[in-house]
Amino acid sequence: VRIQRKEGSIPEKVDDGVTVYVGKSFFRDTNVASGQEYFYRAFSGDTTGNYNDDISQVAKATGHYDDTPPLTPYDIQLSINNFNEYVVTGYTEAGATVFAEKGTYSWNNVA
């Protein structure tokens, strides 16, 4: 699959717009501007570079960039594991205590 992205209108052919993906797996377009409208078109193809002309594989999306800062954790609770690593066992965020899974967050040589 080859995915083309274009601003303002649907990509008309396989080389129209910007190629944002070529492959057989998951795709997420992270290079977008907040509020900008994008059109995407997926072209299925073979290993020799021949692509389809089917217009039914089209999507329209508006870019969104979330610039909300993350909440700051405080009252961090640490313990030392069997390997002398500091491990977060819990913390408080926005008034709610959160308990981390054992061994999820660890640091070596914490000063």
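Residues numbered from 1 in each chain as written. Predicted model: local features only at pLDDT ≥ 70, side-chain atom pairs only at ≥ 80, totals over all residues. Heavy atoms only, no water.

Trainee: Which residues make up the overall build of the protein, and what values go with them?
Mentor: Looking only at helices and strands, the protein has zero helices and eight strands in total. A total accessible area of about 8400 Å² is found for the protein, and carbon and sulfur atoms account for 50% of it. (Helix = DSSP H or I, 4+ residues; strand = E, 2+ residues; numbered from the N terminus. Areas by Shrake-Rupley, 256 points an atom, 1.4 Å probe, with all protein chains shown as cover.)

Trainee: A description of the sheet that holds strand β1 (residues 2–7) should follow, citing residues and the corresponding values.
Mentor: Taken together, four strands build an open sheet; the order of strands is β2-β1-β3-β4 and the sheet is antiparallel. Two strands bound the open sheet, and with one partner strand each, they are β2 (18–22) and β4 (58–62). Strand-to-strand twist in this sheet, taken as the mean axis angle between neighbours without regard to direction, amounts to 25°. Inspection of the sheet shows β1 paired to strand β3 (residues 37–43) by six bridges, in the antiparallel sense. In the sheet register, E7 faces β3, and the bridge partner there is Y38. (Pairing = 2+ DSSP bridges. Axes fitted to C-alpha atoms, helices over the stretch in contact; angles between N-to-C directions.)

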